[in-house]
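Notes for the structure review
The primary structure of each chain is shown beneath.
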Amino acid sequence: MATPSNMASTSWPPQLKDWVAKCLGQMTDSNKKDAQDELRQVISDAFTAHTLWTTDWNGVQLQSLLPKPTLSLKRKMNDTAPVNKKAKKSSLKQITTGTASLNLNDQAVLNRRAERFQREHEIERQKSTNSSLKANAHNSHLFSNNPWNASRSSSPFGISDEPEADPNVIDWDRFTIVGTSREIFKDYLRLTDAPKPETIRPYAVLRETLVQLKKRWREKCSYNWICNQLKSLRQDLTVQRIKNEFTVQVYEIHARMALESNDMVEYNSCQATLKTLYELGIPGKVEEFTGYRILMLLHGRNRSELNLYVGQLTPKQKTDQAVQHALDVQRSLSMGNYHALFLLYLNAPNMGAYIMDHFIPRERVKALMIITKAYRTISLSFIQNELAFDDLDSTIKFLEEHKAAHFTNPGSPNSEKIIQCKSAAAHLGQVFEEKYRKVGIRGAV
């Protein structure tokens, strides 16, 4: 049977920890030994079968924790020898006359038992408290350069009602790695085995790594290399279970760089992790990334999730500039107000415009469909300004890509070109169906 020492390389799922904590809470003096033996055997079997992460631990029941069948009172009475009625009446009379004294004696026994239990409970609680203080002091010294977030989950195996730790119970925190590598830069490699301390950078080195990566980014270093290094940094944080403000900062910086480089796979990966870290109460640029999340939901046209998410915003969040901007974009889209939409696009705070870039072409086609139905002709310069194109050349290129480049005076300079609306409108509906009816979001989670 596997032992805690040779299971140390395995990553333990949270559901397993919760299940073990529940089992420990159900153990009593009478079933504790059998239950612990069965508990270790179940975990060992799952470890050997590589099913620690795939097992539905909520549905696993230890047989030793099931209630034991007991004989009913009726059966016990039937098993006793019969007595005659006179003897029975005499016994009943003795029991009735002695009831008061019997109840008083029982109450006194119960009171003494309760007082003894209370004293024992206080002794055990004091021992447990002292043990925890010693462990915390030891960990504080051991990880003085590794300030984990105080809210990280504590292992159920590390908590016991016993005054002394059971050597047969797994201590999950023992298996947390503290890196020893001093390398500033390290290529990202997907883990296929248990990480080794000599290949993992400790907290202090990771902080210096981020400083150097930001410097390289300002010097226009290749995004592919920067992304590789940031993924490696994130991996070292993960295997050491470091979740604090620095962790949030790493994911926020990587998300911004990914947006700027049009890497939506990494952006969505960072956004998903940030959502979890923010929910743990770790400070960060919550409002900024709340605005980004709203814009991403608008891009994906996920109305149900968008409404749910917006409904959970606090009044404080709604007053933030980034969140207000995203909500204004939502409002302009729902009302079909393309004039307001493109003004918001030109004045997006932070890096919101990078996300809007992904759905602005779709909204431009929808606006063109409205404009070409409302006018016979329209100037090219009006379309450039109204739909927030950079210049006339990019406007013409967009019209050509969407089969709407129909002019009454094709030979004139771009500044004088006039769009023939009826001809342009003839193909816009079909093009919209082909290009924008389905939304594909890379790396969406």
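Analysis parameters
- Here the residue index of a chain counts from 1 through its sequence in written order.
- The predicted origin of the model limits local features to residues at a pLDDT of at least 70 and limits the giving and counting of side-chain atom pairs to 80 or more, whereas totals for whole chains, interfaces and linings rest on all residues.
- Remark: hydrogens and water are excluded; side-chain values derive from all non-hydrogen atoms of the structure.
- Here a strand is any run of E in DSSP of at least two residues, a helix any run of H or I of at least four, and the numbering for each starts at the N terminus.
- For every residue, the accessible area obtained with a 1.4 Å probe (protein chains only) is divided by the maximum for its type, and the residue is called buried under 20%, exposed over 50%, and partly exposed between those limits.
- For accessible areas, the Shrake-Rupley method is used with a probe of radius 1.4 Å. Any residue's cover is judged against the shown protein chains and nothing else.
- Whether two residues are in contact is decided by their heavy atoms, any of which lying within 4.5 Å being enough.
- Structural elements are reduced to axes, namely lines fitted to C-alpha atoms, with helices fitted over the stretch in contact, and the angle between N-to-C directions of any two is expressed from 0 to 180 degrees.
- An angle counts as roughly parallel when it lies under 35 degrees, as roughly antiparallel when it exceeds 145, as roughly perpendicular when it falls between 65 and 115, and as oblique in every other case.
- Crossing handedness follows the turn of the near helix against the far one: under a right angle anticlockwise gives a left-handed crossing, and clockwise gives a right-handed one.
- We call Asp, Glu, Lys and Arg charged. Ala, Val, Leu, Ile, Met, Phe, Trp, Tyr, Cys and Pro are nonpolar, and the rest, Gly among them, are polar.
- For every residue, the predictor states its confidence as a pLDDT score lying anywhere from 0 to 100.
- The span one expects for a helix is its residue count, reduced by one, times 1.5 Å.
- Two N or O atoms form a polar contact when they lie within 3.5 Å of each other; inside protein one atom must be a possible hydrogen donor and the other a possible acceptor, and for residues adjacent in sequence the pair counts only when both atoms belong to side chains.
- Any two rings among Phe, Tyr and Trp, with Trp reduced to its six-membered ring, count as a pair given centres within 6.5 Å; such a pair is stacked if its planes are under 30 degrees apart, edge-to-face if over 60, and tilted if neither.
- Sitting over a ring, as applied to charges here, requires NZ of Lys or CZ of Arg to be within 6 Å of the ring centre and within 35 degrees of the ring normal.
- To qualify as a nonpolar core, a set must consist of buried Ala, Val, Leu, Ile, Met, Phe, Trp, Tyr and Cys residues joined through side-chain atoms within 4.5 Å.

1. With respect to the overall build of the chain
- Helix and strand counts for the chain come out as 19 helices and two strands.
- Looking at the 445 residues of the chain, the share that counts as buried comes to 36%.
- By element, 52% of the accessible surface of the chain is carried by carbon and sulfur atoms, the whole surface being about 27200 Å².

2. Some thoughts on the side chain of Gln 271
- Assignment of secondary structure puts Gln 271 in helix α9 (residues 264-279).
- Residue Gln 271 is classed as buried on the basis of its relative accessible area, which comes to 6%.
- Residues in contact with Gln 271, not counting those within four places in the same chain, are Phe 289, Tyr 292 and Arg 293.

3. Focus on the packing of helix α16 (residues 360-374) against helix α19 (residues 421-436)
- Interhelical geometry of α16 versus α19 gives an angle of 150° and a closest axis separation of 9 Å. Relative to α19, the element α16 lies roughly antiparallel. Along this stretch, α16 crosses α19, giving a crossing that reads as left-handed. Contacts from Pro 361, Arg 362, Val 365, Lys 366, Leu 368, Met 369 and Thr 372 of α16 reach α19 at Cys 421, Ala 424, Ala 425, Leu 428, Gly 429, Phe 432 and Tyr 436.
- Taken together, the residues of the contact of α16 with α19 sort by class into 10 nonpolar, two polar and two charged.

4. Some points on the confidence of the model for the chain
- On average, residues of the chain carry a pLDDT of 79, and 72% of them reach 70 or more.
- Note on residues 1-5: pLDDT under 50 across the span, and nine contacts to partners over four residues away in sequence or across chains.
- Confidence drops under pLDDT 50 across residues 131-153; counting only partners more than four residues distant or on other chains, this segment forms 22 contacts.

5. What about helix α13 (residues 321-335)?
- If you check α13, its first and last C-alpha atoms are 21 Å apart, about what 15 residues at 1.5 Å a residue would give, namely 21 Å.
- Where α13 is buried, its residues contact α10 (286-300), α11 (303-311), α12 (315-318), α14 (338-346) and α15 (352-356).
- Capping the start of α13 is the job of one residue whose side-chain oxygen sits 2.9 Å from the backbone nitrogen of Ala 322: Asp 320.
- Looking one or two residues past α13, Gly 336 carries a phi angle of roughly 70°, positive in sign.

6. Considering the packing of α10 against α13
- It is at 7 Å that the axes of α10 and α13 come closest, and there the two elements cross at 15°. Taken together, α10 and α13 sit at an angle that is classed as roughly parallel. When you trace α10 past α13, the crossing you get is left-handed. Packed against α10, whose contacting residues are Glu 287, Glu 288, Thr 290, Gly 291, Ile 294, Leu 295 and Leu 298, the element α13 presents Ala 322, Val 323, Ala 326, Leu 327, Val 329, Gln 330 and Leu 333 at the interface.
- Among the residues forming the contact of α10 with α13, the class breakdown is nine nonpolar, three polar and two charged.

7. Structural notes on the packing of aromatic side chains
- Per the counting criterion, the structure on display carries seven aromatic pairs.
- For the pair Phe 185 and Trp 225, a centre-to-centre distance of 5.2 Å together with 65° between the ring planes defines the contact as edge-to-face. Separated by 40 residues along the polypeptide, Phe 185 in the loop between α5 (99-142) and α6 (203-218) and Trp 225 in helix α7 (residues 223-239) bring together distant segments of the chain.
- With a relative accessible area of 26%, Trp 225 lands in the partly exposed category.
- Ring centres 6.1 Å apart and planes at 75° place the aromatic pair Trp 217 and Tyr 223 in the edge-to-face group.
- With a relative accessible area of 12%, Tyr 223 lands in the buried category.
- Arg 293 extends its terminal NZ or CZ atom over the ring of Tyr 309, reaching a point 5.3 Å from the ring centre.

8. Remarks on the nonpolar core
- Counting 75 residues, the largest nonpolar core has Tyr 267, Ile 294 and Met 356 as the members making the most contacts within it.
- Per-element tally for this core: the top contributor is helix α8 (residues 245-260), with nine residues.
- Dropping the residues within four chain positions of it, Met 356 is found in contact with Leu 295, His 325, Val 329, Leu 341, Leu 344, Tyr 345 and Ala 348.
- Formed by 15 residues, the second largest nonpolar core is a distinct cluster that contains Trp 12, Cys 23, Trp 57 and Leu 62.

9. A word on the environment of Val 286
- Examined against the element boundaries, Val 286 turns out to sit in helix α10.
- Expressed as a C-alpha distance, the spacing of Val 286 and Val 323, which sit 37 residues apart in the sequence, is 9.9 Å.
- When near neighbours in sequence (up to four residues on either side) are disregarded, Val 286 contacts Tyr 278 and Gln 317.

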